[in-house]
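# Residue-level structure breakdown
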Amino acid sequence: MHPSDLDAGEVFRTKKIQGYFLGKPMPWKIMKKVMTLKDHAIEVYLGLWVLHSATRRRELKLKLEFFEGSGLHPMQIHRGLKRLVHEKFIDEVEERVRGKTPVFYLRKESEIEL
């Protein structure tokens with residue numbers, strides 16, 4: 001569909017993300033390294049990868065509801081994120097503030113020292 005195909009008053013709806021995604025090839029070298037980390041880092045990283053595959057963005061706004069039903073406690077998610085930031089697999093784009101949605105950057109394989 002091309003923008004010129006739309007009428008002036010027509011609303012263009014974007015698709016809501018549904019289903020399961022691993023979409024892009026998994027960065028196996030990164031995954032093997034993350035598997036050695038503690039604090040549920042692998043579960044959190046896999047969640048971030050799914051979100052990246054679904055949104056096609058490396059800058060991710062991470063709402064706590066995203067991990068709902070995963071079996072992870074919010075403190076485990078927090079520790080996993082903290083470990084991934086400390087080990088430089090992800091970057092905090094904005095400093096985390098209570099009540100504000102955190103934003104993280106998922107690094108590429110070329111941006112990580114393995």
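I will try to describe carefully the structure that is included in this document.

Criteria and cut-off values
- Residues numbered from 1 in each chain as written.
- Predicted model: local features only at pLDDT ≥ 70, side-chain atom pairs only at ≥ 80, totals over all residues.
- Heavy atoms only, no water.
- Salt bridge = Lys/Arg side-chain N within 4 Å of Asp/Glu carboxyl O.
- Helix = DSSP H or I, 4+ residues; strand = E, 2+ residues; numbered from the N terminus.
- Buried < 20%, exposed > 50% of the residue type's maximum accessible area, 1.4 Å probe, protein only.

## Considering the pattern of salt bridges
- Scanning the entire structure with this criterion turns up 4 salt bridges.
- A salt bridge links Asp39 to Arg83, with the shortest nitrogen-to-oxygen separation between them at 2.9 Å. You can see Asp39 sitting in the loop between α1 (28-35) and α2 (41-55) and its partner Arg83 sitting in helix α3 (residues 74-86), a full 44 residues away along the chain.
- Across the pair Glu94 and Lys100 runs a salt bridge, and its minimum N-O distance is 3.3 Å.
- By relative accessible area, which is 35% here, Glu94 ends up partly exposed.
- In this structure Lys100 comes out as partly exposed when scored by relative accessible area, which is 48%.

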